[in-house]
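Breakdown of the fold
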Amino acid sequence: MKNKQISLFSAILLIAIIVILAVSTVFLMQTDKINKQYEVEKAITPTPSLAPPQLYAKATEPLLRMGSISNEVKDLQQKLKDLGYYDGDIDGQFGSGTKNAVILFQKQHELTADGLAGKSTLNMLYSEKAHKIVVTPEPILPDVKKEELPMLVNRTTPIADNYAPDDLITISSLLDEKLAIIKDEGEKASKVAVVALSEMLKAAHADGLTTWQISEGYRTMEEQKELFEKRKAEYESGEETGNNMSAEEATKNATKDVAPPNTSEHQTGLAFDITVPGKSFADTKQAKWLSKNCWEYGFIIRYQLGKEHITGFNPEPWHIRYVGKQHSIFMRDADIALEEYLQLQQNKAN
Ligand SMILES: [Zn+2]
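First, a word on what this report is: a plain description of the structure on this page. (Residues numbered from 1 in each chain as written. Predicted model: local features only at pLDDT ≥ 70, side-chain atom pairs only at ≥ 80, totals over all residues. Heavy atoms only, no water.)

All right, on to the sheet that holds strand β2 (residues 181–182) then. The sheet built from five strands is open, its strands ordered β2-β4-β5-β7-β6 with mixed pairing. Two strands bound the open sheet, and with one partner strand each, they are β2 and β6 (299–301). (Pairing = 2+ DSSP bridges. Helix = DSSP H or I, 4+ residues; strand = E, 2+ residues; numbered from the N terminus.)

Following this line, the structure appears as structure tokens:
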């Protein structure tokens, strides 16, 4: 019995040893496999270095930006300098001077002007399309006699009671009917303005914009008075607001919407209201075209956003005023309203 017990114990021990050896062997083999795999991977994947601070781009990255320091930045600076965009040191350090030069370059090459020299900017810079800087000169104030200056009519500078343009014509007698619809048959305007309008609309048609309407041209003092009185009556009767108003109050309110007699530019015969039938003009392609191109034909967008305190009118993208090309181009380039322009001319004369 005792011997039997020992041999049973030996058998269990033996089995246990075999199991432990087998498990260990499998484990060791596994570990060895992982180690080998690690060695292989280590050979392909380079040991990661410390990540560069975020502000500093690595020299080998295609994107050069504020904070980059490299030979590529040096090349960039040299190229920008050769083309006239950069006038700082060629030190390989991408600072604000380099950034401004990149922005300038991007603006003149129809790229996103973000000051980052990425793939598209660098490709353009080192391509044949890269051109030297185009410097826009400061606009020079036209040198004209006082009587050649555009006429001013606004809320504080009324037109004379007996004023009438001496070259009034019916718009349709000169303007090709294919160019625009004229809202009121028989609408008149100054010939010089209609000639310019015709040239301008031909150019717009050539650019693919073919729907235009002339809603207003010349207005007599009587017509302006009628318009104003009508608006005033709408306020007085309460038709406009639902509440009756005193004559004084109604006048005050009507003045905000309609120019009182003798203060409307339409009385000069040089202003037009341009519309697109059935559409809010401000939202049309025509409005965009007009604000970009009218200046080339001697017109100005008379009442612009941001100039309300000078012109006394809310923005009216549809109201154009003929002033003559040399004046309109200057006002566009200097970004000034007619009132500011005439002030500059007066300062020069004094
Ligand atoms: Zn108008």
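Moving on from the coordinates now.
Next up on the list: the pattern of salt bridges. Scanning all chains against the criterion turns up 13 salt bridges. Residue Asp257 pairs with Arg231 through a salt bridge whose shortest N-O separation is 2.9 Å. Placement of Asp257 in helix α7 (residues 247–257) and of Arg231 in helix α6 (residues 221–237) is noted, with a sequence separation of 26 residues between them. In this structure Asp257 comes out as partly exposed when scored by relative accessible area, which is 36%. The shortest N-O distance in the salt bridge between Glu296 and Arg332 comes to 2.8 Å. Note that Glu296 is positioned in the loop between α8 (285–293) and β6 and Arg332 in helix α10 (residues 325–334), a separation of 36 residues in sequence. (Salt bridge = Lys/Arg side-chain N within 4 Å of Asp/Glu carboxyl O. Buried < 20%, exposed > 50% of the residue type's maximum accessible area, 1.4 Å probe, protein only.)

In this section: unusual backbone geometry. Apart from glycine, the bulk of residues carry a negative phi angle, and the bulk of peptide bonds sit in the trans form. With a phi close to 50 degrees, Glu110 is a non-glycine residue in the positive phi region. Position of Glu110 relative to the elements: it lies in the loop between α3 (96–107) and α4 (119–125). If you check the backbone angles, Asn262 has positive phi at about 75 degrees while not being a glycine. Residue placement: Asn262 occurs in the loop between α7 and β5 (271–275).

Every protein donor of the zinc ion is accounted for by His266 (NE2), Asp273 (OD), Asp273 (OD) and His319 (ND1), and the metal-donor separations fall at 2.1 to 2.8 Å. Seen from the zinc ion, its four donor atoms lie at angles of 51 to 152 degrees, and the figure they make is irregular. Within one chain, the residues serving as donors to the zinc ion are arranged as H-x6-D-x45-H. In this structure, His266 and Asp273 share a single accessibility class: buried. (Donors = N, O, S within 2.8 Å, 3.2 Å for Na, K, Ca; no water. Tetrahedral: all angles 85-135°; square planar, octahedral: opposite > 155°, others 65-115°.)

Attention now goes to the layout of surface pockets. Picture a little ball the size of a water molecule; that probe, rolled over the atoms, points out where space is still empty. A volume near 370 Å³ is recorded for the largest pocket. Forming the boundary of the largest pocket are 20 residues, of which Arg219, His266, Asp273, Glu316 and Trp318 lie nearest the centre. Among the secondary structure elements, those contributing two or more residues to the lining of the largest pocket are β4 (213–216), α6 and β5. Residue classes in the lining of the largest pocket are distributed as six nonpolar, six polar and eight charged. Lining of the second largest pocket is provided by 13 residues; of these, Lys146, Leu149, Leu342, Gln345 and Gln346 occupy positions nearest its centre. For the lining of the second largest pocket, the per-class residue count stands at five nonpolar, three polar and five charged. (1 Å grid on protein atoms, 1.4 Å probe; cavity = no way out; pocket = protein on both sides within 12 Å on 5 of 7 lines; lining within 4 Å. Points joined across faces, edges and corners; volume = space filled by probe spheres on them. Nonpolar A, V, L, I, M, F, W, Y, C, P; charged D, E, K, R; others polar.)

Attention shifts here to the packing of aromatic side chains. Per the counting criterion, the structure on display carries six aromatic pairs. Centroid distance Phe330 to Tyr341: 5.6 Å. Interplanar angle 45 degrees. Geometry classified as tilted. Of this pair, Phe330 sits in helix α10 while Tyr341 is found in helix α11 (residues 338–349), placing the two residues 11 residues apart along the sequence. The exposure classification of Phe330 matches that of Tyr341, with both residues buried. An aromatic cluster is built from Phe272, Phe299 and Tyr322, whose rings are joined through pairwise contacts. Lying over the aromatic face of Phe313, Arg155 brings its terminal NZ or CZ to 4.2 Å of the ring centre. (Phe/Tyr/Trp six-rings, centres within 6.5 Å; stacked < 30°, edge-to-face > 60°. Lys NZ or Arg CZ within 6 Å of the ring centre and 35° of its normal.)

What follows covers the side chain of Gln267. Assignment of secondary structure puts Gln267 in the loop between α7 and β5. When neighbours within four sequence positions are excluded, Gln267 is seen to be in contact with Ile159, Tyr163, Pro165, Tyr218, Arg219, Thr220, Met221, Gln224, Pro261 and Asn262. (Contact = heavy atoms within 4.5 Å.)

Before going further, it helps to spend a moment on the packing of helix α2 (residues 71–82) against α3. The N-to-C vectors of α2 and α3 enclose an angle of 55 degrees; their axes lie 11 Å apart at closest approach. Judged on the interaxial angle alone, α3 and α2 are oblique. Crossing handedness for the pair α2 and α3: left-handed. Contacts from Leu76, Gln77 and Leu80 of α2 reach α3 at Thr98, Ala101, Val102 and Phe105. Residues that form the contact of α2 with α3 fall into these classes: five nonpolar, two polar and no charged. (Axes fitted to C-alpha atoms, helices over the stretch in contact; angles between N-to-C directions. Parallel < 35°, antiparallel > 145°, perpendicular 65-115°, else oblique. Left-handed = near helix turned anticlockwise from the far one by under 90°.)

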